[in-house]
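Topology and contacts: notes
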Amino acid sequence: MKEETPLALLQRAYGDILRVLRQLGYPIDDDNFRDTAPRAARALLDLVLPTAEIEKEVDDLVARSFTARYDEMVISKHNVCFGVCPHHLLPVIYRVSVAYLPSEKVVGISKLSRLVRLLARRPVLQEQLTQDLAEMLYTRMGSRGAAAYIEGLHLCMAARGTEAHEARVVTSAVRGVFKDQPATRQEFLDLVTTPPLALL
Ligand SMILES: [Zn+2]
């Protein structure tokens, strides 16, 4: 028998969740719920990308790096992106900053944002995401050093459980020069923890 697609499986699972809502007294036959199961299934698949798709995009991204004379710190700061936590599968809103010190290869600045968004859309711990970003910019880019700094608003904490509405989880990871030279690490942290520029 052919394996069910992720979308079909999820749709069935959300059908079960809707039946739970019925038990809780909600009118799931109401018009508002008509396409909820397929819609919710697609929504989850927007937040959790297949690992093969992520790997392929990362490969493409690294392949499109180019040689440049620039060897100062490159920072992509305050990328807002989304994922889910592995413990509750509830959404996490991240604000991610990454940096690297190129040795030869650089990658387009929009590609850095793309990399952050790709790796965020996995059911992994924020700590893991932070390390993966620093590691990838260090080893895959062959850079002299890399760093990642992430603030996360976890809905499993903010909307339920401890109801820590305002609490942010803060993680950072450093590799290479950022690890060996405290001043470089501090420069990165100072730059990414200043408020964003007001555009208007
Ligand atoms: Zn959680």
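The structure we're discussing is the one just above.
Since the model is a prediction, treat every value here as computed from it, not as a measurement.

1. A look at the sheet that holds strand β6 (residues 169-176)
The antiparallel open sheet is built from four strands, whose spatial order is β2-β3-β5-β6. Of all strands in the sheet, those with a lone pairing partner are β2 (74-84) and β6, marking the two edges. Along the sheet, successive strands turn relative to each other by an average axial angle of 15°, direction set aside. Summarising the sheet, strand β3 (residues 91-101) and strand β5 (residues 145-154) pair through 10 bridges and their orientation is antiparallel. Residue pairing across strands places S97 opposite Y149, the latter belonging to β5.

2. Digging into the coordination of the zinc ion
In an ideal octahedron of six donors the angles at the metal are 90 or 180 degrees, and in an ideal tetrahedron of four donors they are 109.5 degrees. Coordination of the zinc ion by the protein involves C85 (SG), H88 (ND1) and C156 (SG), with metal-donor separations of 2.2 to 2.3 Å. Sequence positions of the residues that donate to the zinc ion give the spacing C-x2-H-x67-C.

3. Notes on the side chain of S76
Turning to its location among the elements, S76 is positioned in strand β2. Engagement of the side chain of S76 in a polar contact is seen with the side chain of N79, the distance being 3.0 Å.

4. Notes on empty space enclosed by the protein
To locate leftover empty space, one rolls a probe as large as a water molecule over the atoms. Applying the stated criterion to the full structure yields one cavity of 30 Å³ or more. Taken as a whole, the largest cavity encloses approximately 50 Å³ of empty space. As for the largest cavity, its lining consists of L61, V62, V107, L115, M136, L137, R140 and M141. Those elements that place two or more of their residues in the lining of the largest cavity are α3 (51-63) and α5 (126-140). Among the elements that take part in the lining of the largest cavity, α5 stands out by supplying three residues, more than any other. Taken together, the residues of the lining of the largest cavity sort by class into seven nonpolar, no polar and one charged.

5. Thoughts on the packing of helix α1 (residues 6-23) against helix α2 (residues 36-47)
Contact geometry for α1 and α2: axes closest at 8 Å, N-to-C directions at 125°. Here α2 runs oblique to α1, going by the angle between their axes. Crossing angle aside, the handedness with which α1 passes α2 is right-handed. For the pair α1 and α2, contact is made by P6, L7, L10, Q11, Y14, G15 and L18 and by T36, A37, P38, A40, A41, R42, L44 and L45, respectively.

6. Regarding the side chain of N79
One can find N79 in strand β2. What N79 contacts, discounting residues up to four positions off in sequence, is Y94, R95, V96, S113, V116 and R117.

7. So, the nonpolar core
The biggest cluster of nonpolar side chains holds 33 residues, and the ones touching the most others in it are Y100 and L133. For this core, the elements supplying multiple residues, two or more each, are α3, β2, β3, α4 (109-120), α5 and β5. When residues in this core are grouped by element, the largest group, six residues, is from α4. Here L133 is in contact with V96, V98, L115, V116, L119, A148 and I150, once residues within four sequence places are set aside. Judged by nonpolar contacts, the second largest core, of 11 residues, contains L101, Y149, V177 and F178.

8. Notes on the environment of H78
Take H78: it is sitting in strand β2. H78 gets classed as buried once you look at its relative accessible area, which sits at 16%. Along the backbone, H78 and K2 are 76 residues apart, and their C-alpha atoms lie at a distance of 43 Å. Residues within four places of H78 in sequence aside, it is in contact with R95, V96, S97, V192, T194, P195 and P196. At a separation of 2.8 Å, a polar atom in the side chain of H78 contacts the main-chain carbonyl oxygen of V192.

9. Some thoughts on the pairing of β3
Regular strands have side chains that alternate between both faces of the sheet. A large share of β3 lies buried, amounting to eight of its 11 residues. Pairing analysis gives nine bridges linking β2 to β3, with the strands arranged antiparallel. Within β3, the residue paired with S76 across the bridge is V98. Here β2 folds back onto β3 in antiparallel fashion, the turn holding six residues, of which L89 has a positive phi close to 55°.

Reading the values: rules and limits
Every chain is numbered on its own, with residues counted from 1 as its sequence reads. Reporting of local features is limited, given that this is a predicted model, to residues whose pLDDT is at least 70; pairs of side-chain atoms are given and counted only at 80 or more, and all residues count toward the totals for whole chains, interfaces and linings. Derived side-chain values reflect all non-hydrogen atoms in the structure, with water molecules and hydrogen atoms excluded from consideration. Being paired, for any two strands, means DSSP has found at least two bridges between them. A run of DSSP states H or I qualifies as a helix once it reaches four residues; a run of E qualifies as a strand once it reaches two. Both are numbered from the N-terminal end. The angle between two axes is taken between their N-to-C directions and runs from 0 to 180 degrees, where each axis is a line fitted to C-alpha atoms and a helix contributes only its stretch in contact. Donor atoms (N, O, S) are those found within 2.8 Å of the metal centre, with the cutoff raised to 3.2 Å for Na, K and Ca; water is not part of the atom list, so apparent gaps in a site can occur. Here a polar contact is recorded for every N or O atom pair within 3.5 Å, except that within protein the pair must consist of a potential hydrogen donor and a potential acceptor, and residues adjacent in sequence are included only if both atoms are side-chain atoms. In this analysis a 1.4 Å probe is tested at points of a 1 Å grid over the protein atoms alone, and where it fits but cannot get out there is a cavity; an open set with protein on both sides within 12 Å along at least five of seven lines is a pocket; lining residues have an atom within 4 Å of a point. Grid points are joined across faces, edges and corners, and a volume is the space filled by probe spheres set on the points. Side-chain classes follow a simple rule in which Ala, Val, Leu, Ile, Met, Phe, Trp, Tyr, Cys and Pro form the nonpolar group, Asp, Glu, Lys and Arg form the charged group, and the remainder, Gly included, forms the polar group. Relative orientations are named as follows: roughly parallel for angles under 35 degrees, roughly antiparallel for angles over 145 degrees, roughly perpendicular for angles from 65 to 115 degrees, and oblique for any other angle. In a left-handed crossing the near helix is turned counterclockwise from the far helix by less than a right angle, and in a right-handed crossing that turn is clockwise. Residue contacts are counted whenever heavy atoms from the two residues lie within 4.5 Å of one another. Nonpolar cores were defined as sets of buried Ala, Val, Leu, Ile, Met, Phe, Trp, Tyr and Cys residues, with membership established by side-chain atoms within 4.5 Å. Whether a residue is buried, partly exposed or exposed follows from its accessible area with a 1.4 Å probe, protein chains only, as a fraction of its type maximum: under 20%, in between, or over 50%, in that order.

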